[in-house]
Amino acid sequence: MGHRIRIKTRPKLTFQMRVAGLGFRDGHVLVHRAVHEPFWTFPGGGAEIGETSEQTLAREMVEELGVQVRVGRLLWMVENFFRYEGRDWHELGLYYLMEIPPSFPFASGPIIHRVVDGDSELEFKWVPATTESLKSLDIPPYFIADEIETLPEVPRHLVWDDRDLDALHRL
C-alpha cells in the first residue's frame, strides 16, 4: 500500500485528497458507509502519492467492490470543509462518473455488498438517483443531492463548507 495524501497539522486539523465515483444502474446510484457511521458516502477513498485520481478510483473500487470499473468523466472538484470525529477537515474531493460492470450485484434498497477495508467494515446499497432519495439519507457533501438528476456536462469546481451545520458536528 502506498502513502495516502493526508496531512495532519495543528491539533484537530487534517487535509486529505479523496476520489469518489458515482455509479448508476437502472435509475439508482451506489452508496456506501462504514457500519459504525450514521452517514453514507459515494464509494471511493484517499489518493496515494504517485497515482492519478483515475488510478485512485480504479484501485479503490477493486479493493472495495472486487471489480474493475471504467472511470468516466470528472463531475465535480470540491474544496470541502467539514467537521468529523472532533477534527476540522479540508478535503480536495474529485467526483467521477464510473461504470460498474453488470457482474456486480444489483437490488434496490437492501445491503448488497460488504467488505472489510482497513479498520472499517463497509456496506453498499443502491438507492434511487433522485434528489428526494439522497436528501433522505445523510450523504455529504450535500450539494450532490441537488444535482443528482442533472449532472454537470463539464467539470464543476466549488467550495463547500459544512462546518457550521449542526447535523455535521459528529464530535
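In this text, all values refer to a predicted model and were calculated from it rather than measured experimentally.

1. Regarding the nonpolar core
Now for step 1: Core analysis: the biggest nonpolar cluster contains 23 residues, and L30, L65 and I100 have the highest contact counts within it.
Now for step 2: Among the secondary structure elements, those contributing two or more residues to this core are β2 (13-25), β3 (28-34), α1 (53-65), β5 (70-84), β6 (87-99), β7 (111-117) and β8 (120-128).
Now for step 3: In terms of residue count, the dominant contributor to this core is α1 (4 residues).
Now for step 4: In contact with L30, other than residues within four places in its own chain, are G23, F42, P43, L65, I100, F104, I112, F124, K125 and W126.
Now for step 5: Core analysis: the second largest hydrophobic core is formed by 21 residues, V29, Y95, L137 and A145 among them.

2. With respect to the packing of aromatic side chains
Now for step 1: Tallying each qualifying case throughout the model produces 8 aromatic pairs.
Now for step 2: By way of ring pairs, the aromatic residues F39, F82, Y84 and W89 are connected into one cluster.

3. Observations concerning the side chain of N80
Now for step 1: Mapped onto the elements of the fold, N80 is located in strand β5.
Now for step 2: Residue classification places N80 among the buried residues on the basis of a relative accessible area of 4%.
Now for step 3: The contacts of N80, once residues within four sequence positions are left out, are W89, H90, E91, P141 and W160.

4. Comments concerning the environment of G27
Now for step 1: Examined against the element boundaries, G27 turns out to sit in the loop between β2 and β3.
Now for step 2: The contacts of G27, once residues within four sequence positions are left out, are V127, P128 and A129.

5. Describing α1
Now for step 1: With 13 residues, α1 ought to run about 18 Å at 1.5 Å a step, and its terminal C-alpha atoms sit 18 Å apart, in line with that.
Now for step 2: Every buried residue of α1 is listed here: S53, T56, L57, A58, R59, E60, M61, E64 and L65.
Now for step 3: After α1 finishes, the residue G66 shows a positive phi value of roughly 75°.

6. Focus on the confidence of the model for the protein chain
Now for step 1: Predicted confidence across the protein chain gives a mean pLDDT of 90, with 90% of residues reaching 70 or more.
Now for step 2: Note that residues 166-171 has pLDDT below 50 and, in this model, 14 contacts with residues that lie over four places away or in other chains.

7. Comments concerning the pattern of salt bridges
Now for step 1: Counted under the stated rule, the structure contains 11 salt bridges.
Now for step 2: One salt bridge connects E51 with R59, and the closest N-O pair in it is separated by 2.7 Å.
Now for step 3: Relative accessible area serves as the criterion here: at 17%, R59 is assigned to the buried category.
Now for step 4: Between R114 and E121 there is a salt bridge; the shortest N-O distance is 3.9 Å.
Now for step 5: For E121, a relative accessible area of 34% gives the class partly exposed.
Now for step 6: One salt-bridge network, in which partners are shared between bridges, spans E48, E51, R59, E60 and E63.

8. Quick word on the side chain of T41
Now for step 1: Tracing the sequence through the fold places T41 in the loop between β3 and β4 (44-46).
Now for step 2: Classification of T41 by relative accessible area gives buried; the value is 15%.
Now for step 3: Once residues within four sequence positions are removed from consideration, T41 is found in contact with R18, V31, H32 and I139.

9. As for unusual backbone geometry
Now for step 1: In this structure, P141 follows P140 across a cis peptide bond, with omega equal to -5°.
Now for step 2: Here P141 lies in the loop between α2 (131-136) and α3 (143-147).
Now for step 3: Here the phi dihedral of D26 falls at roughly 45°; this positive angle occurs in a residue that is not glycine.
Now for step 4: Structurally, D26 can be placed in the loop between β2 and β3.
Now for step 5: Taking the relative accessible area as the measure of exposure, D26 reaches 60% and is therefore exposed.
Now for step 6: Unusually for a residue other than glycine, E85 sits at a positive phi of about 50°.

Reading the values: the criteria
Residues numbered from 1 in each chain as written. Predicted model: local features only at pLDDT ≥ 70, side-chain atom pairs only at ≥ 80, totals over all residues. Heavy atoms only, no water. Core = buried A, V, L, I, M, F, W, Y, C linked by side-chain atoms within 4.5 Å. Buried < 20%, exposed > 50% of the residue type's maximum accessible area, 1.4 Å probe, protein only. Helix = DSSP H or I, 4+ residues; strand = E, 2+ residues; numbered from the N terminus. Contact = heavy atoms within 4.5 Å. Phe/Tyr/Trp six-rings, centres within 6.5 Å; stacked < 30°, edge-to-face > 60°. Expected span 1.5 Å × (residues − 1). pLDDT = per-residue confidence, 0-100. Salt bridge = Lys/Arg side-chain N within 4 Å of Asp/Glu carboxyl O.

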